[in-house]
Amino acid sequence: MKTEIVKLSQITTNAANPRQIKDEKFTKLVNSILVLPKMLELRPIVVDSALTALGGNMRYRGLLSIAEMSVTDIKTRLENNRDFTKKTPAEQAVLLEYWQKWLDKPTAIIIKASELSDAEQREFIIKDNASFGEWDFDMLANEWETEDLDDWGVDVWQKDDKTDEDNGFPSDSIRSGTLTERFVVPPFSILDSRKGYWQARKKIWRTKIGDMGESRNDALTQAPELKYKDLYQRTQQHRKSLGIGFGEYFEKHISDEVKEKENAKILSRGVSLLDPVMSEIICKWFGMENCKTFDCFAGDSVFGYVSSYLGNEFTGIELRQEQVQLNNERVAGMTAKYIHDDGQNVAVHIEADSQDLFFSCPPYYDLEKYSDLENDASNQDGYKDFLVILENAFKGAISCLKNERFAVIVVGDIRDKKTGFYYNFTDDVKRIFIENGVALYNELILIESGASTVLRAAKYMETRKIAKMHQNILVFYKGNPKNIKKKFKKIEYASEDLESFRVDSGNEPFED
Ligand SMILES: C[S@@+](CC[C@H](N)C(=O)[O-])C[C@H]1O[C@@H](n2cnc3c(N)ncnc32)[C@H](O)[C@@H]1O
(Lines give C-alpha, C1' and ligand atoms only; values in the text may rest on other atoms or scores of the structure.)
Protein backbone atom coordinates (compact mmCIF):
# COMPACT_ATOMS: atom_id res chain seq x y z
CA MET A 1 0.00 0.00 0.00
CA LYS A 2 1.35 3.40 -1.02
CA THR A 3 0.80 6.83 0.50
CA GLU A 4 -0.70 9.62 -1.60
CA ILE A 5 -1.23 13.33 -1.12
CA VAL A 6 -4.80 14.50 -1.64
CA LYS A 7 -6.66 17.77 -1.10
CA LEU A 8 -7.95 17.95 2.46
CA SER A 9 -11.43 18.74 1.15
CA GLN A 10 -11.56 15.38 -0.66
CA ILE A 11 -11.55 13.43 2.60
CA THR A 12 -14.67 12.92 4.69
CA THR A 13 -14.89 11.96 8.34
CA ASN A 14 -16.19 8.65 9.41
CA ALA A 15 -19.49 9.21 11.23
CA ALA A 16 -19.24 5.72 12.69
CA ASN A 17 -15.95 6.35 14.45
CA PRO A 18 -16.48 5.41 18.10
CA ARG A 19 -13.45 7.34 19.34
CA GLN A 20 -13.99 10.94 20.31
CA ILE A 21 -11.64 13.57 21.56
CA LYS A 22 -12.30 16.21 24.19
CA ASP A 23 -11.62 19.93 23.73
CA GLU A 24 -8.43 20.17 25.76
CA LYS A 25 -7.01 17.04 24.15
CA PHE A 26 -7.99 18.28 20.72
CA THR A 27 -6.08 21.52 21.33
CA LYS A 28 -3.07 19.45 22.31
CA LEU A 29 -3.38 17.32 19.21
CA VAL A 30 -3.54 20.39 16.97
CA ASN A 31 -0.50 21.89 18.69
CA SER A 32 1.30 18.63 18.32
CA ILE A 33 0.59 18.53 14.55
CA LEU A 34 1.63 22.17 14.19
CA VAL A 35 4.97 21.64 15.84
CA LEU A 36 5.77 18.30 14.19
CA PRO A 37 4.03 17.99 10.79
CA LYS A 38 6.50 15.24 9.89
CA MET A 39 4.36 12.99 12.10
CA LEU A 40 1.73 13.12 9.35
CA GLU A 41 4.12 11.45 6.91
CA LEU A 42 4.77 8.64 9.36
CA ARG A 43 1.11 8.27 10.33
CA PRO A 44 -0.91 8.83 7.15
CA ILE A 45 -4.70 8.96 7.36
CA VAL A 46 -6.16 5.59 6.45
CA VAL A 47 -9.12 5.90 4.06
CA ASP A 48 -11.50 3.62 2.18
CA SER A 49 -12.06 3.81 -1.59
CA ALA A 50 -14.48 6.77 -1.12
CA LEU A 51 -11.78 8.64 0.86
CA THR A 52 -13.67 8.30 4.14
CA ALA A 53 -11.24 8.27 7.04
CA LEU A 54 -11.07 4.89 8.73
CA GLY A 55 -8.03 5.65 10.84
CA GLY A 56 -6.58 9.00 11.85
CA ASN A 57 -9.95 10.77 12.15
CA MET A 58 -8.64 12.98 14.91
CA ARG A 59 -5.59 13.98 12.93
CA TYR A 60 -7.87 14.74 9.99
CA ARG A 61 -10.09 16.92 12.21
CA GLY A 62 -6.93 18.59 13.49
CA LEU A 63 -5.89 19.44 9.95
CA LEU A 64 -9.36 20.81 9.18
CA SER A 65 -9.11 23.14 12.13
CA ILE A 66 -5.60 24.26 11.08
CA ALA A 67 -6.93 24.97 7.58
CA GLU A 68 -9.30 27.50 9.16
CA MET A 69 -6.50 29.37 10.92
CA SER A 70 -4.64 32.41 9.65
CA VAL A 71 -0.85 32.53 9.49
CA THR A 72 -0.92 34.80 12.55
CA ASP A 73 -3.09 32.30 14.46
CA ILE A 74 -0.59 29.56 13.71
CA LYS A 75 2.34 31.76 14.64
CA THR A 76 0.75 32.67 17.99
CA ARG A 77 -0.05 29.04 18.76
CA LEU A 78 3.46 27.96 17.94
CA GLU A 79 5.07 30.71 19.93
CA ASN A 80 3.19 29.48 22.98
CA ASN A 81 4.29 25.92 22.44
CA ARG A 82 7.15 24.64 24.59
CA ASP A 83 8.49 22.35 21.86
CA PHE A 84 8.55 25.23 19.41
CA THR A 85 10.46 27.46 21.79
CA LYS A 86 13.10 24.74 22.13
CA LYS A 87 13.86 25.01 18.38
CA THR A 88 16.52 27.26 16.88
CA PRO A 89 15.34 30.48 15.11
CA ALA A 90 16.19 28.86 11.77
CA GLU A 91 14.09 25.76 12.54
CA GLN A 92 11.24 27.97 13.69
CA ALA A 93 11.34 29.92 10.41
CA VAL A 94 11.26 26.69 8.36
CA LEU A 95 8.24 25.47 10.27
CA LEU A 96 6.33 28.74 9.86
CA GLU A 97 7.10 28.74 6.16
CA TYR A 98 5.85 25.17 5.87
CA TRP A 99 2.46 26.10 7.35
CA GLN A 100 2.22 29.27 5.35
CA LYS A 101 2.58 27.24 2.14
CA TRP A 102 0.23 24.54 3.41
CA LEU A 103 -2.53 27.09 4.10
CA ASP A 104 -2.48 28.07 0.43
CA LYS A 105 -3.32 24.51 -0.55
CA PRO A 106 -4.32 22.30 2.43
CA THR A 107 -3.49 18.66 1.77
CA ALA A 108 -3.31 15.42 3.68
CA ILE A 109 -1.22 12.31 3.33
CA ILE A 110 -3.42 9.26 2.99
CA ILE A 111 -3.11 5.54 2.56
CA LYS A 112 -5.94 3.53 1.01
CA ALA A 113 -7.10 0.43 2.81
CA SER A 114 -8.46 -0.86 -0.47
CA GLU A 115 -7.37 -4.42 0.21
CA LEU A 116 -9.61 -4.70 3.25
CA SER A 117 -13.12 -6.15 3.01
CA ASP A 118 -16.02 -4.22 4.62
CA ALA A 119 -15.85 -6.45 7.70
CA GLU A 120 -12.11 -5.96 7.94
CA GLN A 121 -12.52 -2.21 7.65
CA ARG A 122 -14.92 -2.23 10.63
CA GLU A 123 -12.44 -4.35 12.55
CA PHE A 124 -9.64 -1.96 11.63
CA ILE A 125 -11.52 1.09 13.01
CA ILE A 126 -11.63 -0.47 16.46
CA LYS A 127 -8.21 -2.09 16.39
CA ASP A 128 -6.60 1.13 15.23
CA ASN A 129 -7.93 2.86 18.33
CA ALA A 130 -7.29 0.08 20.81
CA SER A 131 -4.27 0.44 22.99
CA PHE A 132 -2.82 -2.80 24.20
CA GLY A 133 0.17 -1.57 26.11
CA GLU A 134 0.28 0.10 29.47
CA TRP A 135 2.52 2.95 30.45
CA ASP A 136 5.24 2.20 32.89
CA PHE A 137 4.53 5.13 35.18
CA ASP A 138 7.82 5.02 37.04
CA MET A 139 9.80 4.98 33.82
CA LEU A 140 7.77 7.85 32.39
CA ALA A 141 8.21 9.83 35.56
CA ASN A 142 11.94 9.23 35.58
CA GLU A 143 12.81 9.70 31.96
CA TRP A 144 10.44 12.32 30.55
CA GLU A 145 9.32 15.72 31.72
CA THR A 146 5.71 15.75 32.86
CA GLU A 147 5.12 19.01 31.00
CA ASP A 148 6.32 17.45 27.75
CA LEU A 149 4.17 14.35 28.21
CA ASP A 150 1.22 16.54 28.99
CA ASP A 151 1.80 18.75 25.93
CA TRP A 152 2.07 15.67 23.74
CA GLY A 153 -1.32 14.52 24.97
CA VAL A 154 -0.08 11.50 26.92
CA ASP A 155 -2.82 10.53 29.26
CA VAL A 156 -0.54 9.22 31.88
CA TRP A 157 -1.64 10.81 35.07
CA GLN A 158 -5.25 11.29 34.16
CA LYS A 159 -6.32 7.89 32.97
CA ASP A 160 -9.62 8.37 34.70
CA ASP A 161 -10.32 11.52 32.67
CA LYS A 162 -10.28 13.70 35.75
CA THR A 163 -8.31 16.90 35.99
CA ASP A 164 -5.77 17.32 38.77
CA GLU A 165 -8.26 19.46 40.61
CA ASP A 166 -10.89 16.76 40.36
CA ASN A 167 -8.37 14.47 41.90
CA GLY A 168 -8.09 16.91 44.72
CA PHE A 169 -4.75 18.58 44.58
CA PRO A 170 -3.42 21.75 43.20
CA SER A 171 0.19 21.30 44.20
CA ASP A 172 0.02 23.18 47.49
CA SER A 173 -3.21 21.75 48.75
CA ILE A 174 -2.22 18.43 50.22
CA ARG A 175 -2.69 19.84 53.70
CA SER A 176 -5.26 22.48 53.29
CA GLY A 177 -9.01 22.56 53.57
CA THR A 178 -11.61 20.52 51.92
CA LEU A 179 -9.48 19.48 48.98
CA THR A 180 -7.47 17.36 51.36
CA GLU A 181 -10.54 15.49 52.33
CA ARG A 182 -11.65 15.31 48.73
CA PHE A 183 -8.54 13.32 47.83
CA VAL A 184 -10.17 10.02 48.35
CA VAL A 185 -8.62 6.66 47.88
CA PRO A 186 -11.31 3.99 47.89
CA PRO A 187 -11.26 2.51 51.39
CA PHE A 188 -10.97 -1.07 50.24
CA SER A 189 -8.34 -3.64 51.07
CA ILE A 190 -6.56 -3.17 47.75
CA LEU A 191 -4.56 0.00 47.23
CA ASP A 192 -3.59 0.32 43.61
CA SER A 193 -0.56 2.55 43.26
CA ARG A 194 -0.72 2.21 39.46
CA LYS A 195 -3.82 4.39 39.24
CA GLY A 196 -3.49 7.83 37.67
CA TYR A 197 -4.63 9.71 40.78
CA TRP A 198 -2.08 7.84 42.89
CA GLN A 199 0.82 8.47 40.53
CA ALA A 200 -0.04 12.15 40.24
CA ARG A 201 -0.20 12.51 44.00
CA LYS A 202 3.08 10.64 44.36
CA LYS A 203 4.77 13.02 41.98
CA ILE A 204 3.63 16.01 44.00
CA TRP A 205 4.95 14.47 47.20
CA ARG A 206 8.23 13.59 45.58
CA THR A 207 8.65 17.11 44.29
CA LYS A 208 7.95 18.41 47.76
CA ILE A 209 10.36 16.01 49.38
CA GLY A 210 12.93 16.70 46.65
CA ASP A 211 12.44 20.45 47.11
CA MET A 212 14.45 20.33 50.25
CA GLY A 213 17.77 21.41 48.84
CA GLU A 214 18.70 18.04 47.36
CA SER A 215 18.70 17.07 43.73
CA ARG A 216 15.76 14.83 42.98
CA ASN A 217 17.74 11.67 42.68
CA ASP A 218 19.96 12.31 45.64
CA ALA A 219 16.97 13.09 47.75
CA LEU A 220 15.39 9.81 46.88
CA THR A 221 18.33 7.50 47.13
CA GLN A 222 19.84 6.20 50.26
CA ALA A 223 23.32 5.13 51.23
CA PRO A 224 25.72 4.31 48.34
CA GLU A 225 25.60 0.63 49.34
CA LEU A 226 21.87 0.71 48.54
CA LYS A 227 22.08 2.98 45.59
CA TYR A 228 24.67 0.77 43.90
CA LYS A 229 23.38 -2.44 45.42
CA ASP A 230 24.56 -4.78 42.64
CA LEU A 231 28.00 -3.28 42.61
CA TYR A 232 28.19 -3.42 46.38
CA GLN A 233 27.42 -7.11 46.38
CA ARG A 234 29.63 -7.92 43.39
CA THR A 235 32.70 -6.26 44.87
CA GLN A 236 32.44 -7.55 48.42
CA GLN A 237 35.36 -10.03 48.11
CA HIS A 238 37.62 -7.56 46.38
CA ARG A 239 36.98 -4.84 48.98
CA LYS A 240 37.63 -7.30 51.75
CA SER A 241 40.99 -8.27 50.24
CA LEU A 242 41.91 -4.57 49.88
CA GLY A 243 40.57 -3.77 53.34
CA ILE A 244 38.70 -0.65 52.28
CA GLY A 245 35.13 0.59 52.54
CA PHE A 246 32.68 0.87 49.67
CA GLY A 247 32.98 4.67 49.35
CA GLU A 248 36.74 4.57 48.84
CA TYR A 249 36.47 1.54 46.59
CA PHE A 250 33.85 3.25 44.45
CA GLU A 251 36.06 6.30 43.96
CA LYS A 252 39.34 4.49 43.33
CA HIS A 253 38.48 1.21 41.66
CA ILE A 254 35.33 1.75 39.61
CA SER A 255 35.75 3.05 36.09
CA ASP A 256 33.60 5.89 34.79
CA GLU A 257 32.05 3.51 32.31
CA VAL A 258 30.86 1.14 35.04
CA LYS A 259 29.64 4.07 37.13
CA GLU A 260 27.61 5.25 34.18
CA LYS A 261 26.09 1.80 33.72
CA GLU A 262 25.17 1.54 37.39
CA ASN A 263 23.62 5.01 37.31
CA ALA A 264 21.52 4.01 34.32
CA LYS A 265 20.27 1.02 36.30
CA ILE A 266 19.16 3.32 39.11
CA LEU A 267 17.20 5.42 36.67
CA SER A 268 15.55 2.52 34.96
CA ARG A 269 14.52 0.75 38.11
CA GLY A 270 13.23 3.98 39.56
CA VAL A 271 13.58 4.76 43.20
CA SER A 272 12.46 2.00 45.47
CA LEU A 273 11.57 4.28 48.31
CA LEU A 274 8.65 4.13 50.61
CA ASP A 275 5.55 5.33 48.81
CA PRO A 276 4.61 8.81 50.13
CA VAL A 277 0.96 8.39 49.12
CA MET A 278 0.76 5.20 51.14
CA SER A 279 2.37 7.10 54.05
CA GLU A 280 -0.25 9.83 53.69
CA ILE A 281 -3.10 7.33 53.68
CA ILE A 282 -1.76 5.57 56.75
CA CYS A 283 -1.52 8.86 58.64
CA LYS A 284 -5.01 9.91 57.59
CA TRP A 285 -6.78 6.59 58.09
CA PHE A 286 -5.04 5.30 61.20
CA GLY A 287 -3.53 8.36 62.86
CA MET A 288 -5.20 11.26 64.58
CA GLU A 289 -5.05 14.97 63.98
CA ASN A 290 -1.72 16.48 65.08
CA CYS A 291 -0.62 13.26 66.68
CA LYS A 292 2.66 11.65 67.71
CA THR A 293 4.02 9.11 65.25
CA PHE A 294 7.16 6.96 65.35
CA ASP A 295 9.16 4.21 63.63
CA CYS A 296 11.91 1.92 64.96
CA PHE A 297 13.36 0.95 61.51
CA ALA A 298 13.11 4.41 60.04
CA GLY A 299 15.27 4.14 56.90
CA ASP A 300 14.77 7.10 54.58
CA SER A 301 12.93 10.29 55.48
CA VAL A 302 9.72 9.71 53.51
CA PHE A 303 7.35 8.72 56.31
CA GLY A 304 8.77 11.27 58.74
CA TYR A 305 8.48 14.01 56.16
CA VAL A 306 4.90 13.15 55.17
CA SER A 307 3.72 12.69 58.74
CA SER A 308 5.26 15.93 59.89
CA TYR A 309 3.99 17.80 56.83
CA LEU A 310 0.49 16.66 57.74
CA GLY A 311 0.85 18.26 61.16
CA ASN A 312 2.14 15.35 63.25
CA GLU A 313 5.28 14.83 65.29
CA PHE A 314 7.59 12.07 64.18
CA THR A 315 10.48 10.22 65.84
CA GLY A 316 12.49 7.70 63.85
CA ILE A 317 15.14 5.32 65.14
CA GLU A 318 17.65 4.23 62.51
CA LEU A 319 20.82 2.18 62.80
CA ARG A 320 22.84 3.79 60.01
CA GLN A 321 24.43 7.01 61.18
CA GLU A 322 24.83 8.53 57.70
CA GLN A 323 21.13 7.99 56.98
CA VAL A 324 20.15 9.62 60.26
CA GLN A 325 22.31 12.63 59.49
CA LEU A 326 20.91 12.98 55.99
CA ASN A 327 17.32 12.59 57.20
CA ASN A 328 17.76 15.19 59.92
CA GLU A 329 19.11 17.62 57.33
CA ARG A 330 16.09 16.98 55.13
CA VAL A 331 13.54 17.50 57.90
CA ALA A 332 15.30 20.44 59.52
CA GLY A 333 12.68 22.91 60.77
CA MET A 334 9.93 20.28 60.70
CA THR A 335 8.38 18.40 63.61
CA ALA A 336 10.36 15.28 62.77
CA LYS A 337 13.61 13.96 64.17
CA TYR A 338 15.79 10.91 63.64
CA ILE A 339 17.77 9.19 66.36
CA HIS A 340 20.85 7.10 65.67
CA ASP A 341 20.43 3.82 67.55
CA ASP A 342 19.35 0.22 67.36
CA GLY A 343 15.56 0.02 66.99
CA GLN A 344 15.61 -2.57 69.76
CA ASN A 345 16.28 0.39 72.09
CA VAL A 346 13.23 2.34 70.97
CA ALA A 347 11.78 2.43 74.49
CA VAL A 348 14.96 4.10 75.78
CA HIS A 349 14.28 7.13 73.59
CA ILE A 350 10.50 7.29 73.62
CA GLU A 351 8.35 7.46 76.71
CA ALA A 352 6.02 4.55 77.48
CA ASP A 353 2.38 4.96 76.36
CA SER A 354 3.11 8.30 74.70
CA GLN A 355 2.59 7.73 70.97
CA ASP A 356 -0.52 7.78 68.75
CA LEU A 357 0.62 5.88 65.66
CA PHE A 358 3.38 3.35 65.16
CA PHE A 359 4.46 2.87 61.59
CA SER A 360 7.27 0.67 60.36
CA CYS A 361 8.61 -0.93 57.24
CA PRO A 362 11.35 -3.20 58.61
CA PRO A 363 14.04 -4.90 56.53
CA TYR A 364 12.68 -7.91 54.67
CA TYR A 365 15.36 -10.19 56.09
CA ASP A 366 18.19 -10.44 53.53
CA LEU A 367 16.30 -9.07 50.52
CA GLU A 368 18.23 -5.81 50.79
CA LYS A 369 21.30 -5.71 52.99
CA TYR A 370 21.55 -2.28 54.54
CA SER A 371 24.94 -2.44 56.27
CA ASP A 372 27.56 -4.72 57.76
CA LEU A 373 26.63 -3.67 61.30
CA GLU A 374 26.17 -6.70 63.52
CA ASN A 375 22.79 -5.59 64.86
CA ASP A 376 21.45 -4.69 61.41
CA ALA A 377 18.38 -6.90 61.02
CA SER A 378 19.24 -7.43 57.35
CA ASN A 379 22.72 -8.71 58.22
CA GLN A 380 21.92 -11.80 60.27
CA ASP A 381 23.15 -15.36 59.75
CA GLY A 382 19.70 -16.84 59.79
CA TYR A 383 16.04 -15.91 59.47
CA LYS A 384 15.46 -16.76 63.16
CA ASP A 385 18.13 -14.27 64.31
CA PHE A 386 16.53 -11.65 62.09
CA LEU A 387 13.14 -12.30 63.69
CA VAL A 388 14.62 -11.91 67.18
CA ILE A 389 15.71 -8.35 66.36
CA LEU A 390 12.29 -7.57 64.91
CA GLU A 391 10.51 -9.01 67.92
CA ASN A 392 12.65 -7.03 70.39
CA ALA A 393 12.09 -3.80 68.47
CA PHE A 394 8.36 -4.34 67.99
CA LYS A 395 7.89 -5.26 71.68
CA GLY A 396 9.61 -2.01 72.64
CA ALA A 397 7.51 -0.06 70.14
CA ILE A 398 4.25 -1.54 71.41
CA SER A 399 5.16 -0.34 74.91
CA CYS A 400 5.59 3.23 73.57
CA LEU A 401 2.19 3.20 71.86
CA LYS A 402 -0.79 4.55 73.80
CA ASN A 403 -3.76 2.32 74.35
CA GLU A 404 -6.55 2.53 71.74
CA ARG A 405 -4.13 3.28 68.90
CA PHE A 406 -3.03 1.66 65.63
CA ALA A 407 0.28 0.09 64.62
CA VAL A 408 0.84 -0.24 60.88
CA ILE A 409 3.56 -2.49 59.50
CA VAL A 410 4.42 -2.74 55.81
CA VAL A 411 5.92 -6.08 54.88
CA GLY A 412 6.45 -8.33 51.91
CA ASP A 413 7.19 -12.02 52.05
CA ILE A 414 10.65 -13.24 51.04
CA ARG A 415 11.91 -16.49 49.63
CA ASP A 416 14.60 -18.65 51.14
CA LYS A 417 17.38 -18.14 48.61
CA LYS A 418 18.41 -21.82 48.82
CA THR A 419 15.06 -23.56 48.63
CA GLY A 420 12.91 -20.95 46.90
CA PHE A 421 10.18 -21.40 49.51
CA TYR A 422 8.61 -18.40 51.17
CA TYR A 423 9.51 -17.83 54.83
CA ASN A 424 5.95 -16.74 55.58
CA PHE A 425 7.34 -13.52 56.98
CA THR A 426 3.99 -11.74 57.03
CA ASP A 427 2.57 -14.40 59.35
CA ASP A 428 5.61 -14.12 61.61
CA VAL A 429 5.04 -10.38 61.98
CA LYS A 430 1.37 -11.03 62.75
CA ARG A 431 2.39 -13.61 65.36
CA ILE A 432 4.82 -11.20 67.05
CA PHE A 433 2.13 -8.56 67.46
CA ILE A 434 -0.60 -10.97 68.49
CA GLU A 435 1.66 -12.61 71.08
CA ASN A 436 2.33 -9.15 72.47
CA GLY A 437 -1.35 -8.39 72.93
CA VAL A 438 -1.91 -6.34 69.74
CA ALA A 439 -4.23 -8.12 67.34
CA LEU A 440 -4.59 -7.83 63.58
CA TYR A 441 -7.39 -5.49 62.56
CA ASN A 442 -6.91 -4.98 58.78
CA GLU A 443 -4.72 -6.37 56.07
CA LEU A 444 -4.34 -4.30 52.92
CA ILE A 445 -2.53 -5.14 49.72
CA LEU A 446 -0.52 -2.41 48.06
CA ILE A 447 -0.20 -3.07 44.34
CA GLU A 448 2.95 -1.60 42.90
CA SER A 449 3.93 -0.66 39.39
CA GLY A 450 7.36 -1.65 38.24
CA ALA A 451 9.08 -2.19 34.96
CA SER A 452 11.55 -4.54 36.55
CA THR A 453 8.76 -6.79 37.78
CA VAL A 454 7.40 -7.06 34.28
CA LEU A 455 10.81 -7.95 32.94
CA ARG A 456 11.39 -10.52 35.66
CA ALA A 457 7.96 -12.11 35.42
CA ALA A 458 8.56 -14.31 32.38
CA LYS A 459 11.89 -15.54 33.70
CA TYR A 460 10.35 -16.39 37.07
CA MET A 461 7.65 -18.45 35.44
CA GLU A 462 10.25 -20.95 34.27
CA THR A 463 10.30 -22.15 37.88
CA ARG A 464 6.59 -21.38 38.37
CA LYS A 465 7.39 -18.51 40.70
CA ILE A 466 4.89 -15.70 40.32
CA ALA A 467 6.55 -12.29 40.22
CA LYS A 468 5.45 -10.40 43.29
CA MET A 469 4.06 -6.95 42.71
CA HIS A 470 2.43 -6.27 46.05
CA GLN A 471 3.23 -5.57 49.64
CA ASN A 472 1.13 -6.27 52.69
CA ILE A 473 0.05 -3.50 54.98
CA LEU A 474 -0.75 -5.04 58.34
CA VAL A 475 -2.86 -2.88 60.61
CA PHE A 476 -2.92 -3.84 64.28
CA TYR A 477 -4.96 -2.28 67.05
CA LYS A 478 -3.77 -1.92 70.62
CA GLY A 479 -6.97 -1.81 72.63
CA ASN A 480 -10.59 -2.65 72.21
CA PRO A 481 -11.88 -2.08 68.65
CA LYS A 482 -15.27 -1.16 70.11
CA ASN A 483 -13.70 2.15 71.14
CA ILE A 484 -12.42 3.07 67.68
CA LYS A 485 -15.58 4.93 66.76
CA LYS A 486 -15.29 7.07 69.89
CA LYS A 487 -11.57 7.70 69.63
CA PHE A 488 -11.14 8.36 65.91
CA LYS A 489 -12.77 11.17 63.98
CA LYS A 490 -15.29 10.13 61.35
CA ILE A 491 -13.94 10.20 57.78
CA GLU A 492 -16.58 11.86 55.64
CA TYR A 493 -17.26 10.68 52.12
CA ALA A 494 -19.27 12.78 49.71
CA SER A 495 -21.91 10.95 47.72
CA GLU A 496 -19.89 11.43 44.50
CA ASP A 497 -16.91 9.77 46.19
CA LEU A 498 -19.02 6.77 47.02
CA GLU A 499 -20.23 6.72 43.46
CA SER A 500 -16.67 6.83 42.14
CA PHE A 501 -15.77 3.80 44.27
CA ARG A 502 -18.47 1.92 42.46
CA VAL A 503 -17.47 3.06 38.99
CA ASP A 504 -13.83 2.45 39.64
CA SER A 505 -13.75 -1.13 38.43
CA GLY A 506 -11.51 -3.41 40.35
CA ASN A 507 -12.48 -1.65 43.53
CA GLU A 508 -15.76 -3.42 43.90
CA PRO A 509 -15.71 -4.86 47.39
CA PHE A 510 -16.48 -8.49 47.91
CA GLU A 511 -19.07 -9.52 50.41
CA ASP A 512 -17.39 -10.20 53.71
C1 LIG B 1 13.08 -1.24 54.77
S2 LIG B 1 14.08 0.00 55.42
C3 LIG B 1 12.98 1.15 56.00
C4 LIG B 1 12.19 1.77 54.91
C5 LIG B 1 11.81 3.14 55.29
N6 LIG B 1 10.54 3.19 55.94
C7 LIG B 1 11.97 4.14 54.14
O8 LIG B 1 11.26 5.12 54.09
O9 LIG B 1 12.86 3.97 53.34
C10 LIG B 1 14.69 -0.73 56.88
C11 LIG B 1 15.65 0.14 57.65
O12 LIG B 1 15.95 -0.52 58.88
C13 LIG B 1 17.27 -0.20 59.24
N14 LIG B 1 17.71 -1.16 60.28
C15 LIG B 1 18.17 -2.41 60.14
N16 LIG B 1 18.41 -2.96 61.35
C17 LIG B 1 18.09 -2.01 62.26
C18 LIG B 1 18.10 -1.97 63.66
N19 LIG B 1 18.51 -3.00 64.39
N20 LIG B 1 17.67 -0.83 64.26
C21 LIG B 1 17.25 0.23 63.55
N22 LIG B 1 17.24 0.26 62.22
C23 LIG B 1 17.64 -0.86 61.58
C24 LIG B 1 18.02 -0.27 57.95
O25 LIG B 1 19.23 0.46 58.03
C26 LIG B 1 17.01 0.32 56.97
O27 LIG B 1 17.24 1.68 56.79
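Below is a short write-up of the structure.

Cut-offs applied
Residues numbered from 1 in each chain as written. Predicted model: local features only at pLDDT ≥ 70, side-chain atom pairs only at ≥ 80, totals over all residues. Heavy atoms only, no water. Helix = DSSP H or I, 4+ residues; strand = E, 2+ residues; numbered from the N terminus. Contact = heavy atoms within 4.5 Å. Salt bridge = Lys/Arg side-chain N within 4 Å of Asp/Glu carboxyl O. Near = heavy atom within 4 Å. Polar contact = N/O pair within 3.5 Å; in protein donor to acceptor, adjacent residues only side chain to side chain. Areas by Shrake-Rupley, 256 points an atom, 1.4 Å probe, with all protein chains shown as cover. Nonpolar A, V, L, I, M, F, W, Y, C, P; charged D, E, K, R; others polar. Phe/Tyr/Trp six-rings, centres within 6.5 Å; stacked < 30°, edge-to-face > 60°. Buried < 20%, exposed > 50% of the residue type's maximum accessible area, 1.4 Å probe, protein only. Lys NZ or Arg CZ within 6 Å of the ring centre and 35° of its normal. Pairing = 2+ DSSP bridges. Axes fitted to C-alpha atoms, helices over the stretch in contact; angles between N-to-C directions. Parallel < 35°, antiparallel > 145°, perpendicular 65-115°, else oblique. Left-handed = near helix turned anticlockwise from the far one by under 90°.

### Some remarks on the side chain of Thr 315
And then number 1: Its place among the elements puts Thr 315 in strand 7 (residues 313-318).
And then number 2: Among residues more than four places away in sequence, those in contact with Thr 315 are Thr 293, Phe 294, Asp 295, Lys 337, Ile 339 and Ile 350.

### Some remarks on the pattern of salt bridges
And then number 1: The tally for this structure, following the rule as stated, stands at 20 salt bridges.
And then number 2: The partner of Glu 248 in a salt bridge is Lys 252, with the nearest N and O atoms 2.7 Å apart. Of this pair, Glu 248 and Lys 252 both sit in helix 17 (residues 246-253), separated by four residues, roughly a single helical turn.
And then number 3: The partner of Asp 356 in a salt bridge is Lys 402, with the nearest N and O atoms 3.0 Å apart. Pair noted here: Asp 356 is in strand 9 (residues 355-360) and Lys 402 is in strand 10 (residues 401-411), with a separation of 46 residues, a long-range link.

### Quick word on the site of the ligand
And then number 1: Around the ligand sit 21 residues, and of these Glu 318, Arg 320, Gly 343, Asn 375 and Ala 377 come closest.
And then number 2: Contact distances for the ligand include 3.3 Å between a nitrogen atom and a backbone N or O atom of Leu 319.
And then number 3: Between a nitrogen atom of the ligand and a main-chain N or O atom of Asn 375, the distance comes to 2.8 Å.
And then number 4: Bound to the protein, the ligand loses 96% of the 600 Å² it would expose on its own.
And then number 5: Residue classes in the shell around the ligand are distributed as eleven nonpolar, four polar and six charged.

### Here we look at the packing of aromatic side chains
And then number 1: In the structure shown here, the tally under the stated rule is 26 aromatic pairs.
And then number 2: Between Phe 314 and Tyr 338, the aromatic rings sit 5.4 Å apart at their centres with planes inclined by 50°, giving tilted as the arrangement. Residue Phe 314 is located in strand 7, and its partner Tyr 338 is located in strand 8 (residues 336-340); the two are separated by 24 residues in the primary sequence. A single burial state applies to Phe 314 and to Tyr 338, both of which are buried.
And then number 3: For the ring pair Tyr 383 and Tyr 423, a centre distance of 4.2 Å and an interplane angle of 15° mean the geometry is stacked. Of this pair, Tyr 383 sits in helix 23 (residues 383-400) while Tyr 423 sits in the loop between strand 10 and helix 24 (425-435), and the two are 40 residues apart along the sequence.
And then number 4: Owing to a relative accessible area of 12%, Tyr 383 belongs among the buried residues under this scheme.
And then number 5: A cation over an aromatic ring shows up here: Arg 61 above the ring of Phe 26, its NZ or CZ 4.9 Å from the ring centre.

### Describing the sheet that holds strand 1 (residues 3-7)
And then number 1: Strand order in this open sheet of four strands is 1-4-2-3, and the pairing throughout is mixed. Lying at the two open borders of the sheet, with one neighbouring strand each, are strand 1 and strand 3 (53-55). For this sheet, the mean angle separating the axes of adjacent strands, direction not counted, is 50°.
And then number 2: Strand direction decides the pairing type here: strand 2 (residues 45-47) and strand 3, joined by two bridges, are antiparallel.

### Quick look at the packing of helix 4 (residues 71-79) against helix 6 (residues 89-104)
And then number 1: Between helix 4 and helix 6, the shortest axis-to-axis distance is 10 Å and the interhelical angle comes to 150°. Judged by the inter-axis angle, helix 4 sits roughly antiparallel to helix 6. Along this stretch, helix 4 crosses helix 6, giving a crossing that reads as right-handed. For the pair helix 4 and helix 6, the contacting residues are Val 71, Ile 74, Lys 75 and Leu 78 in the first and Leu 95, Leu 96, Trp 99, Gln 100 and Leu 103 in the second.
And then number 2: Along the lines of polarity and charge, the residues of the contact of helix 4 with helix 6 split into seven nonpolar, one polar and one charged.

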